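The lines below spell out each chain.
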Amino acid sequence: MKRPLFAAFVGAYLFTTPALAQEAEPTDAPSTAAPSEAELALAQQIVANGFPEEMREEMFFATVDQMTAQMREATLKGMGVDDQGAIAVMDAWLAEYIANSKVVLRGYIPKLMDGLAKSYATMFTQQELTDIAAFAATPSGRRFMTLSSAVLAEPNFASVNQDYMNEIQSGLPAAMQDLQGRLIEYMSEKQSAEADSTS
């Protein structure tokens, strides 16, 4: 397997999810004030209803699997790889990497849920939290929230998201070369400056 393929896939996998999350900037900056006990209690209620404890691991793992599958396809297409042996090696490595990452993720789920509740309590007003909690407590609300991550695999969304990933990935080799060139230029200039300062 060529090193650029390996580097492209690892880099894209590690940075895709955060990048997607950062694209949708909130229109209102979250409050910097510490949430009240009432706000935090409402946020915890939302998390408890929207992310049932017995379903959390399945929900997180399903998101990882879907994002990984889409990134794999985009990487192979973007790099033009059709060597079945190389693909088999990558798939075997990927299966091991994802399995190990899920072990780590499993340990973080309680902390992630706690952080999510605190984020909700910070981002939304008490009235908004009350409204969201009321919705999340209904059968429709619980279903909406528990399926919110599953939408990644729903064909109408997944097909567009796959096209997006394919297009982003197609420009990754050139972007990596550009980064390498900039780093080489920076290091060269730094070494020259250090040499001048000691002469």
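Below or above, wherever it landed, is the structure these notes cover. Residue positions are counted from 1 within each chain, in the order its sequence is given. With pLDDT at 70 or above as the cut-off, local features in this predicted model cover only qualifying residues; side-chain atom pairs require 80 or more to be listed or tallied, and sums for whole chains, interfaces and linings still use all residues. To get the side-chain values, take all heavy atoms of the structure and skip hydrogens and water.

1. Points about the overall build of the chain
(1) Moving on: Strands are runs of DSSP state E lasting at least 2 residues, helices are runs of H or I lasting at least 4, and numbering of each runs from the N terminus. Per the secondary structure count, the chain includes eight helices and zero strands.
(2) Moving on: Going from the N terminus to the C terminus, the chain shows its helices and strands as α-α-α-α-α-α-α-α.
(3) Moving on: Put simply, the chain has 199 residues, and 27% of those count as buried.
(4) Moving on: It only takes one pair of heavy atoms within 4.5 Å for two residues to be counted as in contact. For the chain, contacts bridging at least 24 residues in sequence account for 86% of all contacts bridging at least 6.
(5) Moving on: Entry remark: accessible area of the chain is about 12900 Å², with carbon and sulfur atoms responsible for 59%. Residue exposure (1.4 Å probe, protein chains only): buried if accessible area is under 20% of the type maximum, exposed if over 50%, otherwise partly exposed. All accessible-area figures derive from a Shrake-Rupley calculation using a 1.4 Å probe, and residue coverage is judged against the displayed protein chains alone.

2. What about the environment of Leu94?
(1) Moving on: Within the secondary structure, Leu94 sits in helix 4 (residues 84–123).
(2) Moving on: Spatially, the C-alpha atoms of Leu94 and Thr68 are 8.8 Å apart, while their sequence positions differ by 26 residues.

3. Let's talk about the packing of helix 2 (residues 37–50) against helix 5 (residues 126–136)
(1) Moving on: Where helix 2 contacts helix 5, the two axes come as close as 9 Å, and the packing angle between them is 25 degrees. In terms of axis orientation, helix 2 runs roughly parallel to helix 5. Remark: the crossing between helix 2 and helix 5 carries left-handed chirality. Residue-level inspection shows Ala38, Glu39, Leu42, Ala43, Gln45, Ile46 and Asn49 of helix 2 in contact with helix 5, the latter providing Gln126, Leu129, Thr130, Ile132, Ala133 and Ala136. To obtain an axis, a line is fitted to C-alpha atoms, over the contacting stretch when the element is a helix, and the angle between two such axes runs from 0 to 180 degrees between their N-to-C directions. By the definition adopted for this analysis, an angle is roughly parallel if under 35 degrees, roughly antiparallel if over 145, roughly perpendicular if from 65 to 115, and oblique otherwise. Helix crossings are classified by the rotation of the near helix relative to the far one: an anticlockwise turn of less than a right angle makes the crossing left-handed, while a clockwise turn makes it right-handed.

4. Quick notes on helix 4
(1) Moving on: The terminal C-alpha atoms of helix 4 lie 48 Å apart, and with 40 residues this falls more than 12% below the ideal 58 Å at 1.5 Å per residue.
(2) Moving on: Its maximal kink placed at Tyr108, helix 4 deviates by approximately 45 degrees, while the proline Pro110 follows within four residues.
(3) Moving on: When helix 4 is considered as a whole, its buried residues turn out to be Ala86, Ile87, Met90, Leu94, Ile98, Lys102, Leu105, Ile109, Met113, Ala117, Tyr120 and Ala121.
(4) Moving on: Residue Asp83 occupies the N-cap position of helix 4, its side-chain oxygen lying 2.8 Å from the main-chain nitrogen of Gly85. In a helix, the anticipated span is given by 1.5 Å times the number of residues less one. The angle separating two fitted axes, one through the seven residues that finish at a residue and one through the seven that start at it, defines the bend at that residue. Counting of polar contacts relies on pairs of N or O atoms within 3.5 Å, with two restrictions inside protein: one atom must be capable of donating a hydrogen and the other of accepting it, and residues adjacent in sequence are counted only when both atoms are side-chain atoms.

5. Focus on helix 6 (residues 139–146)
(1) Moving on: Among the residues making up helix 6, those that are buried are Gly141, Met145 and Thr146. Summarising the axial view, the buried residues of helix 6 lie within an arc of 125 degrees, below the 170-degree limit, and thus occupy one face. Projecting away from the buried face of helix 6 at angles above 90 degrees are the exposed residues Pro139, Ser140, Arg143 and Phe144.
(2) Moving on: Packing partners of the buried residues in helix 6 comprise helix 2, helix 3 (56–79), helix 4 and helix 5. Picture the helix axis, draw a direction to every C-beta atom, and the arc is the one those directions span.

6. A word on the packing of aromatic side chains
(1) Moving on: Each aromatic pair joins two rings of Phe, Tyr and Trp (for Trp, the six-membered one) with centres within 6.5 Å, and gets the label stacked for planes under 30 degrees apart, edge-to-face for over 60, and tilted for any other angle. A full pass over the atoms with the stated rule returns three aromatic pairs.
(2) Moving on: Centroid distance Trp93 to Tyr97: 5.0 Å. Interplanar angle 20 degrees. Geometry classified as stacked. You can see Trp93 and its partner Tyr97 sitting in helix 4, four residues apart, about one turn around the helix.
(3) Moving on: Two thresholds decide whether a charge sits over a ring: the Lys NZ or Arg CZ must be within 6 Å of the ring centre and within 35 degrees of the ring normal. Residue placement shows Lys111 over the ring face of Tyr108; its charged tip is 5.4 Å from the ring centre.

7. Details of the side chain of Gln162
(1) Moving on: Relative to the assigned elements, Gln162 resides in helix 7 (residues 155–170).
(2) Moving on: Setting aside residues no more than four positions away along its own chain, Gln162 makes contact with Gln70, Glu73 and Ala74.

8. Re the nonpolar core
(1) Moving on: Membership of the largest hydrophobic core comes to 20 residues, with the highest contact counts inside it found for Ala43, Ile46, Val47, Phe51, Tyr120, Leu129 and Met145.
(2) Moving on: When contributions to this core are tallied by element, the ones reaching two or more residues are helix 2, helix 3, helix 4 and helix 5.
(3) Moving on: Counting residues per element, this core draws most heavily on helix 4, at eight residues.
(4) Moving on: Take the buried Ala, Val, Leu, Ile, Met, Phe, Trp, Tyr and Cys residues and link them wherever side-chain atoms come within 4.5 Å; each set so joined is a nonpolar core. Ranked by size, the runner-up nonpolar core spans five residues in total, among them Met67, Met71, Leu152 and Met165.

9. Notes on a nonpolar patch on the surface
(1) Moving on: A cluster of nonpolar side chains, contributed by Val104, Tyr108 and Leu112, occupies part of the molecular surface with about 290 Å² of accessible area.
(2) Moving on: Secondary-structure assignment places Tyr108 in helix 4. For patches, a residue must show more than 30% relative accessible area and have no salt bridge; joins then use 9 Å for like charges and 5 Å for nonpolar side chains, namely Val, Leu, Ile, Met, Phe, Trp and Tyr. One side-chain nitrogen of Lys or Arg within 4 Å of one carboxyl oxygen of Asp or Glu is enough to make a salt bridge.

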